[in-house]
Amino acid sequence: MWEKAIMGMATLRILSGSIEILAALLILKVNQVEKALLINSGLAVVGPVILITTTAIGLLGMSDRISFAKIAWIMVGISFILIGVRR
């Protein structure tokens, strides 16, 4: 059987992929560049939230096996990714 953390991470990734597919279908349905950009902008919020949540679940699942220092470095790395994508 799978670990709870694995199930949570996989579920979030399936949800994220489903949201992406639904957004693509919605973009095709509206067939207007302005509305498509609004939909796409909404996806810009979903991606980082899923990244942070999935990583947090994974870290919680590993918290008994890795040190606090390693968890802190991982969080710093995620922060750098988000800052780099944002600017």
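Preceding block: the structure.
Residues numbered from 1 in each chain as written. Predicted model: local features only at pLDDT ≥ 70, side-chain atom pairs only at ≥ 80, totals over all residues. Heavy atoms only, no water.

**Q** Can you lay out the overall build of the chain for me, pointing to particular residues and giving the numbers?
**A** Broken down by element type, the chain carries three helices and zero strands. Tracing the chain from N to C terminus, the helices and strands come up as α-α-α. Its C-alpha atoms give the chain a radius of gyration of 16 Å, more than 25% over the compact-globule value 12 Å for 87 residues. Taking the principal axes of its C-alpha atoms as reference, the chain extends roughly 50 × 35 × 10 Å. Within the chain, the fraction of its 87 residues that count as buried is 17%. The long-range fraction of contacts in the chain, counting pairs at least 24 apart against all pairs at least 6 apart in sequence, stands at 59%. As displayed, the chain has an accessible area near 6800 Å², and 73% of this comes from carbon and sulfur atoms. In the chain, 8 positive and 4 negative side-chain charges are present, and the distance between their average locations comes to 4 Å. (Helix = DSSP H or I, 4+ residues; strand = E, 2+ residues; numbered from the N terminus. Rg over C-alpha atoms; globule rule 2.2 N^0.38 Å. Buried < 20%, exposed > 50% of the residue type's maximum accessible area, 1.4 Å probe, protein only. Contact = heavy atoms within 4.5 Å. Areas by Shrake-Rupley, 256 points an atom, 1.4 Å probe, with all protein chains shown as cover. Lys, Arg positive; Asp, Glu negative; His and termini not counted. Charge placed at Lys NZ, Arg CZ, Asp CG, Glu CD.)

**Q** Tell me what's going on with the environment of Leu 59, and back it up with residues and numbers.
**A** Within the secondary structure, Leu 59 sits in helix H2 (residues 33–62). For Leu 59 and Lys 35, which are 24 residues apart along the polypeptide, the C-alpha to C-alpha distance reads 37 Å. If we skip the residues at most four places from it in the chain, Leu 59 touches Ile 66, Ile 71, Ile 74 and Met 75.

**Q** How would you explain unusual backbone geometry if you had to name every residue and give the values?
**A** If you check the backbone angles, Asn 31 has positive phi at about 55° while not being a glycine. Structurally, the position occupied by Asn 31 is in the loop between helix H1 (4–30) and H2. Judged by its relative accessible area of 67%, Asn 31 is exposed.

**Q** How would you sum up the pattern of salt bridges? Please name residues and give values.
**A** All chains considered together, the criterion is met by two salt bridges. Among the ionic pairs, Glu 3 bridges to Arg 65, the shortest N-O distance being 3.7 Å. Linking Glu 3 in the segment before H1 with Arg 65 in the loop between H2 and helix H3 (68–86), this pair joins segments that are 62 residues apart in sequence. Judged by its relative accessible area of 44%, Glu 3 is partly exposed. Owing to a relative accessible area of 54%, Arg 65 belongs among the exposed residues under this scheme. Via salt bridges that share partners, Glu 3, Asp 64 and Arg 65 belong to a single interconnected network. (Salt bridge = Lys/Arg side-chain N within 4 Å of Asp/Glu carboxyl O.)

By themselves, these observations are geometric and do not establish any function.
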